[in-house]
Amino acid sequence: MWTIWVAGQGVPVIGVAALGVIVGFMAGMFGIGGGFLMTPLLVALFRVPLPIAVGSGLCQMVGTSLVSYLRHRSLEQGEDRFDLLMLPGSLLGVELGARALTSLEGLGRVSIGGASVPAVSLVVQSGYVALLSFVAWNYWRHGKGSIDVLRYLRPGPLANFHHGPLVAFPRAGLDRVSAMVVAYIGLGMGFLSGLLGIGGGVALNPILIYGYGFPMRQAVGTGIVVLFATAVTGTVAHALRGHVSLPLVLIMLVGGAVSAQLGALWSKRMSGGMLGRVHAVVIAAAVVAVVWDLARRFQS
Amino acid sequence: VPSWPPWLYAITCVAAPCAVGGVMYVLFGAWERRRRRKAGLDGSGQDELPPVDYLI
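The paragraphs below set out a description of the structure included in this document. Each chain has its residues counted from 1, running along the sequence as written. Chain labels run from A onward and ligand labels from 1 onward, assigned in the order the entries are written. Only residues with pLDDT of at least 70 are given local features in this predicted model, and only at 80 or more are side-chain atom pairs given and counted; all residues enter the totals for whole chains, interfaces and linings. Calculated side-chain values reflect all of the structure's heavy atoms, with hydrogen atoms and water omitted.

1. Re the overall build of chain A
Helix numbers and strand numbers start at the N terminus; a helix is a DSSP run of H or I with at least 4 residues, a strand a run of E with at least 2. Along chain A, the regular secondary structure elements total 12 helices and six strands. With the radius of gyration taken over C-alpha atoms, the globule rule is written as 2.2 Å times the number of residues to the power 0.38. The C-alpha atoms of chain A give a radius of gyration of 19 Å, which matches the 19 Å a tight globule of 300 residues would have. A 1.4 Å probe and the Shrake-Rupley method give the accessible areas. Residues count as covered only by the protein chains that appear here. For chain A, the computed accessible surface area is about 12,300 Å², with 69% contributed by carbon and sulfur atoms. Seen as two clouds, the 19 positive and the 9 negative side-chain charges of chain A have centres 7 Å apart. Charge counting follows a simple rule: Lys and Arg are positive, Asp and Glu are negative, and His as well as the terminal groups are ignored. To locate a charge, the coordinates of NZ of Lys, CZ of Arg, CG of Asp or CD of Glu are taken.

Structural data, given as structure tokens:
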């Protein structure tokens, strides 16, 4: 079997290509970067060292988010103005999140029930599990038996703040939304990205759908510009430290760039409720992987 | 990691995925247009069934 070497670790080419195809499809379908799937799976399935998994995952996200953006815009899905309003706060939030992570690293190790784990792993992975569980539960609860047309008639609670400059999102059917609130959401998403090492799309979509009342397909097409910017910033930072394996990325990307577009097309053909339920199942699988990894750390 | 200057490697790590993504976008778009032409659709996307959300 063909193998490439990543930091002294043999990685099967076909396995990595298959992972790229699967994660690319999810990224295109749900308008996310896929970092919450890619990074843990590279580590768990192929034993890629964590810093290289994070750096290579971000680098792969540069390609898939670019393709997802182009394909969603060709399908008239997504609000560019929402992305541009979030972008400055998001980039600032990434820096704040990274500083918070550095502070947590200084806390050393904690002992629970006789087992000792780094405090940063415990906090970050617990936060990861809590965030993803909440997101999955929301998708499942709202997707079950929902009628999407109601969202066109009833904007979400965040759309009722009318402070500061107001902006319209015509594709989402919203005409007076506070730009300041959108900018603060960008700051919060950026903080989560910097702290948890994820693109943030997985947390943004529920805010758009249940907070603002975006139709599901408009939500999955929104936020991709921010994902792209976050991925570029993260890739540069990790590449300068030698934490990106370009051969690994290119193998994942060849299939992933096609499957991301197929995923975007599928998002157009599925009902909003079904899209939400599938999303919930995928996120729940990621939660199980993180809990399993955390339990393994405690045992060892 | 090749023995390039770090800044050159960082630029390559951004440019290469963009290039691969761009090529795949163009190829996939050409395949999709060909598929639609073969299926007798006009290529605008307006003649397919509307999304399920609008079919209530």
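2. As for the packing of helix α1 (residues 13–30) of chain A against helix α11 (residues 246–269) of chain A
All names here are of chain A. With their axes 6 Å apart at the nearest point, α1 and α11 run at an angle of 30° to one another. In terms of their interaxial angle, α1 and α11 are classed as roughly parallel. For the pair α1 and α11, the sense of crossing is right-handed. Where α1 approaches α11, its residues V13, V16, A17, G20, V21, G24, F25, G28 and M29 are matched on the opposing element by L248, I251, M252, G255, G256, S259, A260, L262, G263, A264, W266 and S267. We call Asp, Glu, Lys and Arg charged. Ala, Val, Leu, Ile, Met, Phe, Trp, Tyr, Cys and Pro are nonpolar, and the rest, Gly among them, are polar. Tallied by class, residues from the contact of α1 with α11 come to 13 nonpolar, eight polar and no charged. Structural elements are reduced to axes, namely lines fitted to C-alpha atoms, with helices fitted over the stretch in contact, and the angle between N-to-C directions of any two is expressed from 0 to 180 degrees. Note that the term roughly parallel is reserved for angles under 35 degrees, roughly antiparallel for angles over 145, roughly perpendicular for angles of 65 to 115, and oblique for everything else. Crossing handedness is read from the near helix: turned anticlockwise from the far helix by less than a right angle, it gives a left-handed crossing, and turned clockwise, a right-handed one. When checking whether two residues touch, look at their non-hydrogen atoms; a contact exists if any pair is within 4.5 Å.

3. As for the packing of aromatic side chains
All names here are of chain A. Here the aromatic set is Phe, Tyr and Trp, taking the six-membered ring for Trp, and pairing holds for ring centres within 6.5 Å; pairs whose planes are under 30 degrees apart are stacked, those over 60 apart are edge-to-face, and all others are tilted. Counted under the stated rule, the structure contains eight aromatic pairs over all chains. On the basis of an interplanar angle of 50° and a centroid distance of 5.2 Å, the ring pair of F82 and F169 is categorised as tilted. One end of the pair, F82, is in helix α4 (residues 80–105); the other, F169, is in strand β5 (residues 166–169), with 87 residues separating them in the sequence. One exposure class covers both F82 and F169, and it is buried. The interplanar angle of 40° and the centroid separation of 6.3 Å between the aromatic rings of F134 and W137 together place this pair among those described as tilted. Of the two residues, F134 and W137 are both situated in helix α5 (residues 119–143); the distance of three residues between them amounts to about one turn of the helix. Here the term buried applies to any residue with accessible area under 20% of the maximum for its type, exposed to any over 50%, and partly exposed to those in between, with areas from a 1.4 Å probe on protein chains only.

4. Observations regarding the interface of chain B and chain A
Counting residues at the interface gives 25 residues for chain B and 36 residues for chain A. Surface buried jointly by chain B and chain A totals about 2,500 Å² across both partners, of which 73% is contributed by carbon and sulfur atoms. Think of a polar contact as two N or O atoms within 3.5 Å of one another; within protein, one of them needs to be a possible hydrogen donor and the other a possible acceptor, and neighboring residues in sequence only count if both atoms come from side chains. On the surface where chain B and chain A come into contact, there are three residue pairs in polar contact (both at pLDDT 80 or more). Here the residues of the side of chain B that touches chain A are counted per class, giving 18 nonpolar, three polar and four charged. Summed over both partners, buried area is the accessible surface (1.4 Å probe) that two parts give up on being assembled.

5. Structural notes on the environment of A:R47
Residues and elements named next belong to chain A. Position of R47 relative to the elements: it lies in the loop between α2 (35–46) and α3 (50–74). For the pair formed by R47 and Q9, sequence separation is 38 residues and the distance between their alpha carbons is 7.3 Å. R47 has contacts with Q9, L42 and R296, leaving out every residue within four places of it along the chain.

6. Quick word on a positive patch on the surface
A surface patch of like charges, here positive, comprises B:R33, B:R34, B:R37 and B:K38. Looking at the secondary structure, you find B:R34 in helix α1 (residues 6–38). Surface patches are drawn from residues lacking salt bridges whose relative accessible area is over 30%; two like charges belong together within 9 Å, two nonpolar side chains (Val, Leu, Ile, Met, Phe, Trp, Tyr) within 5 Å. Should a side-chain nitrogen of Lys or Arg be within 4 Å of a carboxyl oxygen of Asp or Glu, the pair is scored as a salt bridge.

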